[in-house]
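# Secondary and tertiary structure notes
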Amino acid sequence: MLFTIITVLALAGVLVRQTRLRFAAANARAGKSPEAAPGAGYGKWLGSRTKSAFTKTTCRKAWAVLSDWAETHYPSWTKWIFAGFGLSLVYLAASGLFYAIFIPRGMSGLPLLGHMGFGGLFALTLAALLLWRGRAYVPDKGESEVFEDFAYPLFTNLSKSLLRKILFWVLTFFGFVLIATALGSMLPLFVFDAQRAFIGVHRYAALGLVLTAIVFVDITFVPSPKA
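What you see is a predicted model; the values in this text were computed from it and never measured. (Residues numbered from 1 in each chain as written. Predicted model: local features only at pLDDT ≥ 70, side-chain atom pairs only at ≥ 80, totals over all residues. Heavy atoms only, no water.)

### Structural notes on the packing of aromatic side chains
Within a pair of aromatic rings, the relevant descriptors are the distance that separates the centres and the angle that separates the planes. To keep it simple, the criterion reads: Each Phe, Tyr or Trp ring, with Trp reduced to its six-membered ring, pairs with another whose centre is within 6.5 Å; inter-plane angles below 30 degrees give stacked pairs, above 60 give edge-to-face pairs, and intermediate values give tilted ones. Lysine and arginine charges are scored as sitting over a ring when NZ or CZ, respectively, is within 6 Å of the ring centre and within 35 degrees of the ring normal.
Within this structure, the stated rule accounts for 12 aromatic pairs. Centre to centre, the rings of F173 and F174 are 5.6 Å apart; their planes meet at 55°, and the pair counts as tilted. What links up through ring pairs into an aromatic cluster is the set Y137, F168, W169 and F216. The aromatic ring of Y42 is capped on one face by R20, whose charged end is 5.1 Å from the ring centroid.

### A short note on the environment of A182
Stated formally: Each helix is a run of H or I in the DSSP string that is no shorter than four residues. Each strand is a run of E no shorter than two, and both are numbered from the N terminus.
Topologically, A182 is positioned in helix α6 (residues 160–186). Along the chain, A182 and R203 lie 21 residues apart, while their C-alpha atoms are 9.9 Å from each other.

### Remarks on the packing of α6 against helix α7 (residues 192–220)
Put simply, the rule reads: For helices, the fitted line uses only the C-alpha atoms of the stretch in contact; every axis is such a line through C-alpha atoms, and the angle between N-to-C directions lies from 0 to 180 degrees. Reported orientations rely on four angle classes, namely roughly parallel under 35 degrees, roughly antiparallel over 145, roughly perpendicular from 65 to 115, and oblique for the rest. Note: crossing handedness is left-handed where the near helix turns anticlockwise from the far helix by less than a right angle, and right-handed where it turns clockwise. Classification convention: Asp, Glu, Lys, Arg as charged; Ala, Val, Leu, Ile, Met, Phe, Trp, Tyr, Cys, Pro as nonpolar; all other residues, Gly among them, as polar.
Where α6 contacts α7, the axes come no closer than 8 Å and their chain directions differ by 155°. Judged on the interaxial angle alone, α7 and α6 are roughly antiparallel. Judged by the twist between their axes, the crossing of α6 over α7 is left-handed. By residue class, the composition of the contact of α6 with α7 is 20 nonpolar, 9 polar and 2 charged.

### Topic: the nonpolar core
Note the following rule: Throughout, nonpolar core names a set of buried Ala, Val, Leu, Ile, Met, Phe, Trp, Tyr and Cys residues whose side chains join them through atoms within 4.5 Å. Type-normalised accessible area, obtained with a 1.4 Å probe on protein chains alone, sets the label of each residue: buried when under 20%, exposed when over 50%, and partly exposed for intermediate values. A contact between two residues is defined here by any heavy atoms of the two lying within 4.5 Å.
One finds F85 and F122 to be the most contacted residues of the largest nonpolar core, which totals 35 residues. At the level of secondary structure, the elements contributing two or more residues to this core comprise α1 (2–29), α3 (56–73), α4 (79–102), α5 (109–133), α6 and α7. Sort the elements by how many residues they give to this core and α7 lands first, with 9 residues. Residues in contact with F122, not counting those within four places in the same chain, are F85, S88, L89, L92, G175, I179 and L209.

Okay, here's the thing in structure tokens:
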């Protein structure tokens, strides 16, 4: 029950945080006075943005952005690394969050088999992704681009590029924790209490990975808000 509450609050907090930052950026572009109430019109703006996110036009634009990203960073056969990683991440996040929120007792049956299968795909594509793209996310010595709209207030000196790189390595860390704890909970090398602990760590690492992925996708693929 505690993990369910933490999951709901964490997801809500990240989503509200990112949308509020975009709302503030949209207000700035519209030339609205900074002295105006920061939340004025947020609900209406969020409703219109949410509604527009499910239109055919938005879906086509999103697919075009993903396709362009894949062609640029994953040419030729390496696009399957990107596709496999994205597909496995979506399934693992969706199934894991569904059970965490609505069925806290855990997975069983076909959903569990699917989770295990996509977990193997996630592990393989994560390793391949690191080999292919890892060097692109090594921070440069001269990172100086100011991350204006979306950096957390405590890190306003971070550039958007640097923040993306940090998120990538945080996501990778959580990914390896997920892989290690999944294996540890299944192998007969540990006592039952240790395996239960692995499952607990696995759940929180999964939540951390999902939260990190949300922010990474937001600053990488979602276009800047318009006034």
